[in-house]
Amino acid sequence: MNLDPRTVSAAEFPDWIRAVGTGFLRSSGPVPEEEVAVRLAHTDLARVQGVFDGGRCVATFRSFAQELTVVGGATVPADAITGVTVTPTHRRRGLLGRMMAADLAAAKERGDVVASLIAAEYPIYGRYGFGPASWTAEWEIDVPRAGLDPRARVPSEADGGRIELVEGADVRKLGPELHGRLAARQHGVVSRDERWWERSTGVDVPASEAWKEPFHAVYRSADGETDGLITYRADDHWGDRKQPLNTATVAGLIAASPAAERALWRFVCSIDWITTVRTGHRAPDDLLPLLLPDPRAARVVTQADWLWLRVLDVPRALEARTYASEAALVLDVRDASGLAGGRFLLEASPSGASCAPTTRDADLALDVAELGALLLGDESPVRLAALGRLDEHRAGAAALADTVFRAPRRAWCPDVF
Ligand SMILES: CC(=O)SCCNC(=O)CCNC(=O)[C@H](O)C(C)(C)COP(=O)(O)OP(=O)(O)OC[C@H]1O[C@@H](n2cnc3c(N)ncnc32)[C@H](O)[C@@H]1OP(=O)(O)O
């Protein structure tokens, strides 16, 4: 039986989508034609892999072009990986390993600097050189305990800004520019294409996903600039004594200024009838908890690894970002796959860096997966050394790397892909 991964034709694509549904335990049924047509229109089949057994798709893998913001605001081209499944009947025969090897080799050839993904389970991707580069937190706010004044108007800051409810069509118009401004200042942000905005505002969403139109609100600064956007849904839940017990679940909040971020959080925490706010996936250092008069009203409900990165080109990855201070470090990067390893001299500074192969003695030795975890400044070389995952060949080099690699705010990837 030939179980070699290969690209998928348009005629095979419906079965490929069905196999994704099987692997993700969503549904094993056939996929409606309209859904296939929409997905096909937004998919580069040259980057879709499948494995077929007796005419049935039993493994899936897809990648697409993405831009990733690194520390300092520059972007690097990323190979974004998604739709990875192996049907339960065919698991643990190495199918994922083979699809991954083919995709990473193609990404390297194309010149992508990193590969990126959101891991379904922590233990899957480290073996392929990925490390968790950003983390996520989700909070549940007990609004009556938060200490907010129920008589306050919104926004409660006297900065001349205002909040307006808008429609999905407005979001598709305003969102991309606002997101671009966020991407220019927040490392960990990944690019969104037009289809992302369509999907998140209900355009051509598969019937099986039972679209319910959310609420959208924007924050406009005193000079009329749209500086923030929040999308949320509310349930309809009342107590026996006719008291409102509704939950607002935030589907997304992006802001180009801290004032907009503060105003939008206050807004969603001040809507009448809303007694609970679920924040959705945020940066672990999100402003929200400390914004509340009583931050203990915010309970962490999720804290987990989020964006995983696999460095494909060490010099370009390290040269793209800025650093907290000036330093020279020699990094010995091990990569069993042969894609990115070597010994490199990094000359880092707050305005940029140079990085090139060197024959000098190494200061630090680490696996490429650990470099992925360090790239966005969200992991500590000292902690990795303590874990035995990074070797310090020059005393103090891990502590030096710690101060150099760290960023003032945590990395944050607002999206799941
Ligand atoms: C970016 C995304 O799309 S994330 C979504 C990932 N998909 C899922 O979680 C859906 C459900 N799971 C699956 O479809 C499959 O189990 C997959 C895709 C995770 C793994 O596919 P497989 O073909 O079984 O993996 P493969 O046989 O290539 O495994 C390679 C190695 O990884 C290990 N491995 C694979 N999956 C897991 C796992 N979930 N947990 C721990 N180890 C795993 C295997 O044991 C094997 O280890 P070995 O080399 O030491 O023997």
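Note that this is a predicted model, so its numbers are computed, not measured.

**Considering the sheet that holds strand β11 (residues 246–255)**
Stage number 1. Strands sit in the order β8-β9-β10-β11-β12-β7-β13 across an open sheet of seven strands; the sheet is mixed. Across the chains shown, the open sheet's two edge strands, defined by having one partner strand only, are β8 (162–166) and β13 (298–305). In this sheet, adjacent strand axes meet at a mean angle of 25° when their direction is disregarded.
Stage number 2. Together, β8, β9 (215–220), β10 (226–234) and β11 form the strand contacts of helix α4 (residues 168–183), whose direction differs from that of β10 by roughly 125°.
Stage number 3. Strand contacts of helix α6 (residues 258–268): β8, β9, β10, β11 and β12 (274–278), with the helix running at about 25° to β10, the strand carrying the most contacts.

**Looking at the site of the ligand**
Stage number 1. For the ligand, the set of nearby residues contains 23 residues, the closest of which are Val 84, Arg 91, Leu 96, Gly 97 and Ala 120.
Stage number 2. When contributions to the shell around the ligand are tallied by element, the ones reaching two or more residues are β4 (75–86), α3 (95–110) and β5 (114–118).
Stage number 3. The biggest single contributor to the shell around the ligand is β4, with six residues.
Stage number 4. Class assignment for the residues of the shell around the ligand results in 12 nonpolar, six polar and five charged.

**Digging into the UniProt feature "binding site: acetyl-CoA" (unreviewed entry) in the protein chain**
Stage number 1. Here the UniProt-annotated "binding site: acetyl-CoA" (unreviewed entry) positions come out as Val 84, Thr 85, Val 86, Arg 92, Arg 93, Gly 94, Leu 95, Leu 96 and Gly 97.
Stage number 2. Position of Val 84 among the secondary structure elements: in strand β4.
Stage number 3. The class of Val 84 is buried, set by 23 C-beta atoms lying within 10 Å.
Stage number 4. Those residues in contact with Val 84 that sit more than four places away from it in its chain are Thr 60, Phe 61 and Leu 96.

**Considerations on the UniProt feature "active site" (unreviewed entry) in the protein chain**
Stage number 1. Per the UniProt record, "active site" (unreviewed entry) is annotated on Tyr 125 and Phe 417.
Stage number 2. Considering the arrangement of structural elements, one finds Tyr 125 in the loop between β5 and β6 (131–132).
Stage number 3. Setting aside residues up to four positions removed in sequence, Tyr 125 forms contacts with Leu 117, Ala 119, Phe 130 and Trp 308.
Stage number 4. For Phe 417, the location among the structural elements is in the segment after α11 (397–405).
Stage number 5. With 16 C-beta atoms packed within 10 Å, Phe 417 lands in the partly exposed category.
Stage number 6. Excluding anything up to four places from it in sequence, Phe 417 contacts Ala 80, Thr 82, Ile 118 and Val 190.

**Brief notes about the nonpolar core**
Stage number 1. Ranked by internal contacts, the top residues of the largest apolar core, which has 85 residues, are Val 114, Val 311, Leu 312, Val 314, Ala 317, Leu 364 and Leu 375.
Stage number 2. Once residues within four sequence positions are removed from consideration, Leu 364 is found in contact with Leu 329, Leu 331, Pro 381, Leu 390, Asp 391, Glu 392, His 393, Ala 397, Ala 398 and Ala 401.
Stage number 3. Counting 30 residues, the second-largest nonpolar core is a separate cluster that includes Ala 217, Val 218, Leu 264 and Val 268.

**Quick look at α11**
Stage number 1. The set of residues buried in α11 consists of Ala 397, Ala 398, Leu 400, Ala 401, Val 404 and Phe 405. When α11 is viewed along its axis, its buried side chains cluster within an angular range of 155° and face the same direction.
Stage number 2. Its buried side turned inward, α11 meets β15 (327–334), β16 (342–349), β18 (364–367), α9 (368–374), α10 (381–386) and β19 (390–392).

**Describing the environment of Leu 117**
Stage number 1. Mapping Leu 117 onto the fold places it in strand β5.
Stage number 2. Residues Leu 117 and Arg 127, spaced 10 residues apart in sequence, show a C-alpha to C-alpha distance of 14 Å.
Stage number 3. Residues in contact with Leu 117, not counting those within four places in the same chain, are Ala 80, Ile 81, Thr 82, Tyr 125, Phe 130 and Trp 308.

**Comments concerning the sheet that holds β16**
Stage number 1. The sheet built from five strands is open, its strands ordered β17-β16-β15-β18-β19 with mixed pairing. Two strands in the sheet have a free side with no partner beyond their single neighbour: β17 (352–357) and β19. Adjacent strand axes in the sheet meet at a mean angle of 25° when their direction is disregarded.
Stage number 2. In the sheet, β16 pairs with β17 via six bridges, with the strands oriented antiparallel. Bridging across to β17, Glu 347 finds its partner in Ser 354.

Criteria and cut-off values
Residues numbered from 1 in each chain as written. Predicted model: local features only at pLDDT ≥ 70, side-chain atom pairs only at ≥ 80, totals over all residues. Pairing = 2+ DSSP bridges. Helix = DSSP H or I, 4+ residues; strand = E, 2+ residues; numbered from the N terminus. Axes fitted to C-alpha atoms, helices over the stretch in contact; angles between N-to-C directions. Contact = placed C-beta atoms within 7 Å. Near = placed C-beta within 6 Å. Nonpolar A, V, L, I, M, F, W, Y, C, P; charged D, E, K, R; others polar. UniProt positions renumbered as here; feature names shortened; annotations may be inferred. Buried ≥ 20, exposed ≤ 12 C-beta atoms within 10 Å, placed from the backbone. Core = buried A, V, L, I, M, F, W, Y, C linked by C-beta atoms within 7 Å. Arc of directions from axis to C-beta.

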